[in-house]
Amino acid sequence: MKIKYELLKTDNNCKARHGIIYTNHGSFHTPMFMPVGTLANVKTLTPEMLKDISSAIILSNTYHLWLRPGEDIVNKAGGLHKFMNYDGPILTDSGGFQVFSLAKNKKKDITEEGVKFKSHIDGTNLLLTPEKSIEIQNKLDSDIAMSFDECPPASASYDYLKNSLERTLRWAKRGKDAFNNDNQSLFGIVQGGPYEDLRKYSATETVKLDFDGYSIGGVANDGESKEDMYKAVDYSIPYLPTDKPRYLMGVGEPIDIIEGVIRGIDMFDCVLPTRIARHGVAFTKYGKLHLRNAKFKEDFTPLQEECDCYTCNHYTKAYIRHLLVCNESLAGTLLSIHNIRFLIKLTEDLREAIDNNKVLEFKEEFIKNYRN
RNA sequence: GGGAAGGUAGCGAAGUGGUUAAACGCGGCAGACUGUAAAUCUGCUCCUUCGGGUUCAUUGGUUCGAAUCCAAUCCUUCCCA
């Protein structure tokens, strides 16, 4: 079956909404943060660890699984869930984001047919098309597949964005026509940079194609300002149906999740919590902590006093710093547990705030505490 | 007792007459990271009142100029007795 979105409550003072998404692998409340598991694993964590921190749905990646191990192997294994021993919902990204960063000559390599690029593993010349991306995702058998879109850089001009978004629309249609998996849902992606007319057009036309959910793409790219990111959301949301989930791709920072929720976003994904974890950084309500810093040498307190995660319940900053300094991979695991829990708890708190019409107050309170 | 090699910044290690305060690695310090080509990448790491000052075991010498050449001394490692 396709996923289903049920709206439970909207905040009276903004567009924030609390809902539930039902999938073949269980349901979860939204807004929700989704950890990223590009290569069919959330780096350094087991599925059990994810369940333990109430992680409800994870991402994986079409491009990476296409190259290794190959979608047919995943399919033979019984699909992505069985292959990676994860029985919760999985969303696969289309590979567009990867492929565009690998395409050397944007003008020449991005054609109507698809995107030409070289494999980052062995340099093989490859072509990824909307049909191919969907075919791979159908075989991976994730719960939610993403349309193959172009994710232009923040620096792209209005004219470039306009042409690019038109092509993304054509690709969305082609992908939808090629789609062939009754147990999987497909999301369309709205592009258009920070421009109101482009976002409106992209959203309206994408919705006409009738997807199971809609995402807002092209944000949080190379140095895009937060204002532009919020504009992209503001200009897209009004044209999206209220009975389908909305997903802000690639976000991210705690404050951006809050701003996204206020604007009506239901789903977020980001590599940040797991990446900065491996790099020794922890989210806290007071800001980010660089655990390698010498000042934590003798700090025998948890990352954050009130945190309910496994890491905070059992380990100190001094110990995690020690692991980091010694390059022990457990540091990445412990910090990933904490950071993902931090963002998921953030969405839990936001849902409670929505139920009480207090999302805007929640944001003010959060900003007051959060530094850097 | 005889012979050989060697002593370079916190450590390891290049350099063997001048553009060398001295490569590089480690360690240390700080930073970046937003649909993961990222357990990665970047910067700093003798002292400084930012003008400069003091360095390559120690002392003395050669030279316009030495970590680099010479002498003595003190250490270290290895080989033979």
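Keep in mind it's a predicted model, so treat the numbers as computed, not measured.

Moving on to the nonpolar core. In terms of nonpolar packing, the biggest core is built from 87 residues, with Val115, Ile257 and Leu291 touching the most fellow members. The element that contributes the greatest number of residues to this core is helix α15 (residues 330-355), accounting for 12 residues. By size, the runner-up hydrophobic cluster in this structure holds 18 residues, among which are Met32, Phe187, Ile189 and Tyr247.

Let us look at the sheet that holds strand β9 (residues 144-146). Reading across from one edge, β4-β13-β12-β11-β10-β9-β6-β5 is the order of the 8 strands in this open sheet, with parallel pairing throughout. Every interior strand has two partners, whereas the edge strands, β4 (32-35) and β5 (58-61), have only one. Neighbour-to-neighbour, the strand axes of the sheet open up by a mean angle of 30°, direction not taken into account. Looking at chain direction, β4 and strand β13 (residues 267-270) are connected through 4 bridges and run parallel. Looking at β13, one finds that Pro35 is bridged to Cys270. Packing of helix α9 (residues 196-208) onto the sheet brings it into contact with β10 (185-190) and β11 (213-216), and relative to β10 it is tilted by some 160°.

To continue, consider the packing of helix α7 (residues 130-140) against helix α8 (residues 158-178). Viewed as axis vectors pointing N to C, α7 and α8 meet at an angle of 40°, and their least axial separation amounts to 8 Å. Compared by their axis directions, α7 and α8 come out oblique. As α7 packs across α8, the resulting crossing turns out to be right-handed. Residue-level inspection shows Pro130, Glu131, Ile134 and Asn138 of α7 in contact with α8, the latter providing Trp171, Arg174, Gly175 and Ala178.

Rules used throughout
- Each chain carries its own residue numbering, running from 1 in the written order of its sequence.
- Each chain gets a letter, beginning with A, and each ligand a number, beginning with 1, in the order they are written.
- For this predicted model, a pLDDT threshold of at least 70 governs which residues receive local features, and a threshold of 80 or more governs which side-chain atom pairs are given and counted, while totals over whole chains, interfaces and linings are taken from all residues.
- No hydrogens and no water enter the side-chain calculation; it runs on all heavy atoms of the structure.
- Nonpolar cores were defined as sets of buried Ala, Val, Leu, Ile, Met, Phe, Trp, Tyr and Cys residues, with membership established by side-chain atoms within 4.5 Å.
- Residue burial is assigned from relative accessible area. The probe radius is 1.4 Å, only protein chains are included, and a residue is buried under 20% of its type maximum, exposed over 50%, and partly exposed in between.
- Under the scheme used here, helices are H or I runs from DSSP no shorter than 4 residues and strands are E runs no shorter than 2 residues, and both carry numbers assigned from the N terminus.
- DSSP calls a pair of strands paired once it identifies at least 2 bridges connecting them.
- Only the stretch in contact is used when fitting a helix axis, every axis being a line fitted to C-alpha atoms; angles between N-to-C directions are given from 0 to 180 degrees.
- Residues are treated as being in contact if the distance between any of their heavy atoms lies within 4.5 Å.
- Under this scheme an angle from 65 to 115 degrees is roughly perpendicular, one under 35 degrees roughly parallel, and one over 145 degrees roughly antiparallel; angles in between are oblique.
- Here is the rule for handedness: rotate from the far helix to the near one, and if that takes an anticlockwise turn smaller than a right angle the crossing is left-handed, while a clockwise turn gives right-handed.

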